[in-house]
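Breakdown of the fold
Read off the chains here:
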Amino acid sequence: MSTTALGGGATVPLKGPTEPRLRSRIAPLDGIRGIASLMVFFFHVPHLAATPGSLLSRWQLLSSVGWSGVDLFFVLSGFLITGILLDNCNSERYFGTFYRRRIHRIFPLYYLLLAIYAVCLAARVHLFDLFSSAPPVWWYFAGLQNFAMAAAGTYGGVWLAGTWSLAIEEQFYLLLPAAVYYIRSPKTLARIALALIVVAPLLRLLVEAVWPQNAFMETYLLLPTRIDTISVGVLLACAYRSESAWKWATRLFPGVLVVFGALVLRMIYLRVNGGALSYSFYALFYGSVVVSALYNPVSAWAHFLSLPVMRYLGKISYCTYLVHHIVLRLAFQWVGGSRSSVKLALVSLVVAAAATLAISAASFHFLEGPLIRRGHRYSY
């Protein structure tokens, strides 16, 4: 085993792709996943009443960037899934094990929510806007709802509105395993990822020029126009499995973090939440955040991300992501109703947060956790 000094005298082991470190769970990444789930949660909190310049109005400004928590999920997914595939591409059970594990992880909770949605839709249940203006159900069963949403120019009812990102991930899962299996070379895969990081914003510019009337939805919801965010994770996974490449990544990441962090802060201040280049800025910034979590495992940042509460938020984040918007909508309607006082809004927020955590914890312990363990009975 070799090591390299990485700032402040700290060392990080740099091992080959067949060694145990790359097969074990990386604690700080659970914490990053927890942060991503909190970002998305607070983004969907209805705006609290506040006067300009007040503390609550500043909170609104910060929470407005919460939509990009999905981008952080994408970078993490690209990093972790690519790593799993690279580490096991020589297995005779490569495809079977990967897809069985993914099915056990993703499908049960998703299709449970989809079944409830289908029943409520058939029964014509009208509960606020949870089931309104939605694409046909079969799009959700096929995992193609992001295309339907982009074509219609709407996310549909709140109940399944956030599942566009799951559709992107599932489409990614269909393509990446074959690419890794037949390419095998992390260097070649990294070059393809770099090319996609360059091509995706150009594709977004093309869409904005040709279909300006619905460009936001088409560039935000479709895999081809969001592939650069996932590709940043793919690139990092390849670098993580090469000592020389990882040295370059750790040397470059402070500058990338500062430059793209400044650009992101500027966009937050200007309330810029879309655009051909902005997604690239967020992708590169969040890529540097992932590197920062791995850069120095004894740093205060890595320690914070590895705290039990942060790791737990990361573990339950899948259900949190799927149900938080539903719970927020119900809590603010039932507790606050049409009244808009700050006090009622804060009470609604506390109720929604507690209910979301309780549902997510129950889902993980009684549904997701047992099924994840069952899925891991399939070995590579």
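Residues numbered from 1 in each chain as written. Predicted model: local features only at pLDDT ≥ 70, side-chain atom pairs only at ≥ 80, totals over all residues. Heavy atoms only, no water.

This paragraph deals with the overall build of the protein. On a plain count of helices and strands, the protein comes out with 17 helices and two strands. The 380 residues of the protein split such that 50% are buried. In the protein, 75% of the contacts between residues at least 6 apart in sequence involve partners at least 24 apart. Total accessible area on the protein stands at roughly 17,800 Å², and carbon and sulfur atoms take up 69% of it. (Helix = DSSP H or I, 4+ residues; strand = E, 2+ residues; numbered from the N terminus. Buried < 20%, exposed > 50% of the residue type's maximum accessible area, 1.4 Å probe, protein only. Contact = heavy atoms within 4.5 Å. Areas by Shrake-Rupley, 256 points an atom, 1.4 Å probe, with all protein chains shown as cover.)

Moving on: the packing of aromatic side chains. All chains considered together, the criterion is met by 30 aromatic pairs. Between the aromatic rings of Phe 98 and Tyr 99, the centroid separation amounts to 5.1 Å while the plane-to-plane angle is 75°, which identifies the pairing as edge-to-face. Overall, the relative accessible area of 2% leaves Phe 98 in the buried class. Note on Tyr 220 and Tyr 279: the rings are 5.8 Å apart at their centroids and 35° apart in plane angle, and the pair reads as tilted. With a gap of 59 residues between them, Tyr 220 in helix H10 (residues 215-221) and Tyr 279 in helix H13 (residues 278-295) connect regions that are remote in the sequence. Given the relative accessible area of 5%, Tyr 220 is considered buried. (Phe/Tyr/Trp six-rings, centres within 6.5 Å; stacked < 30°, edge-to-face > 60°.)

Right, let's talk about the environment of Trp 301 for a bit. Take Trp 301: it is sitting in helix H14 (residues 300-305). By relative accessible area, Trp 301 is classed as partly exposed at 32%. For Trp 301 and Pro 28, which are 273 residues apart along the polypeptide, the C-alpha to C-alpha distance reads 8.6 Å. When near neighbours in sequence (up to four residues on either side) are disregarded, Trp 301 contacts Ile 35, Val 289, Ser 292 and Ala 293.

If you look at the biggest cluster of nonpolar residues, it comprises 90 residues, and the most contacted ones within it are Leu 29 and Trp 164. Ranked by residue count, the leading element in this core is H13, at eleven residues. Setting aside chain neighbours within four positions, we find Trp 164 in contact with Val 70, Phe 74, Gln 145, Asn 146, Met 149, Tyr 155, Tyr 220, Leu 221, Arg 226 and Tyr 321. (Core = buried A, V, L, I, M, F, W, Y, C linked by side-chain atoms within 4.5 Å.)

This part is about helix H8 (residues 164-183). For H8, built from 20 residues, the straight-helix expectation of 28 Å at 1.5 Å per residue is met to within 8% by its first-to-last C-alpha distance of 29 Å. The largest bend along H8 measures about 25° and falls at Leu 175, with the proline Pro 177 one to four residues further on. Turning to H8, its buried residues are Trp 164, Ser 165, Leu 166, Ala 167, Ile 168, Glu 169, Gln 171, Phe 172, Tyr 173, Leu 176, Pro 177 and Val 180. Immediately downstream of H8, the backbone of Arg 184 shows phi near 70°, a positive value. (Expected span 1.5 Å × (residues − 1). Bend = angle between axes of the 7 residues up to and from the residue.)

Another aspect to go through is the side chain of Thr 320. Its location among the elements puts Thr 320 in helix H16 (residues 317-336). Taking relative accessible area as the criterion, Thr 320 reaches 9% and is therefore assigned buried. For Thr 320, the side chain forms a polar contact with the side chain of Ser 360, separated by 2.9 Å. Apart from residues no more than four positions distant in its own chain, Thr 320 is found in contact with Ser 37, Thr 356 and Ser 360. (Polar contact = N/O pair within 3.5 Å; in protein donor to acceptor, adjacent residues only side chain to side chain.)

Once that is clear, we can look at the side chain of Thr 219. Mapping Thr 219 onto the fold places it in helix H10. By relative accessible area, which is 2% here, Thr 219 ends up buried. Reaching out from Thr 219, the side chain makes a polar contact with the backbone oxygen of Ala 215 at a distance of 2.8 Å. Among the polar contacts made by the side chain of Thr 219, one reaches the main-chain carbonyl oxygen of Phe 216 at a distance of 3.1 Å. Beyond its immediate stretch of four places on either side in the chain, Thr 219 contacts Arg 204, Val 207, Glu 208, Thr 225, Arg 226 and Tyr 279.

The next subject is the layout of surface pockets. The calculated volume of the largest pocket comes to roughly 1,400 Å³. Around the largest pocket, the lining is made up of 44 residues, and of these Arg 25, Arg 33, Leu 80, Ile 84 and Arg 102 lie nearest the centre. Mapped by element, the contributors of at least two residues to the lining of the largest pocket are helix H1 (27-43), helix H3 (69-87), helix H4 (94-122), H8, helix H15 (308-315), H16 and helix H17 (342-375). The leading source of residues in the lining of the largest pocket is H3, at eleven residues. Among the residues forming the lining of the largest pocket, the class breakdown is 21 nonpolar, ten polar and 13 charged. As for the second largest pocket, its lining consists of 22 residues, and the residues nearest its centre are Leu 235, Leu 236, Ala 239, Ala 249 and Leu 252. (1 Å grid on protein atoms, 1.4 Å probe; cavity = no way out; pocket = protein on both sides within 12 Å on 5 of 7 lines; lining within 4 Å. Points joined across faces, edges and corners; volume = space filled by probe spheres on them. Nonpolar A, V, L, I, M, F, W, Y, C, P; charged D, E, K, R; others polar.)

The quantities given are spatial measurements derived from coordinates; they are silent on function.
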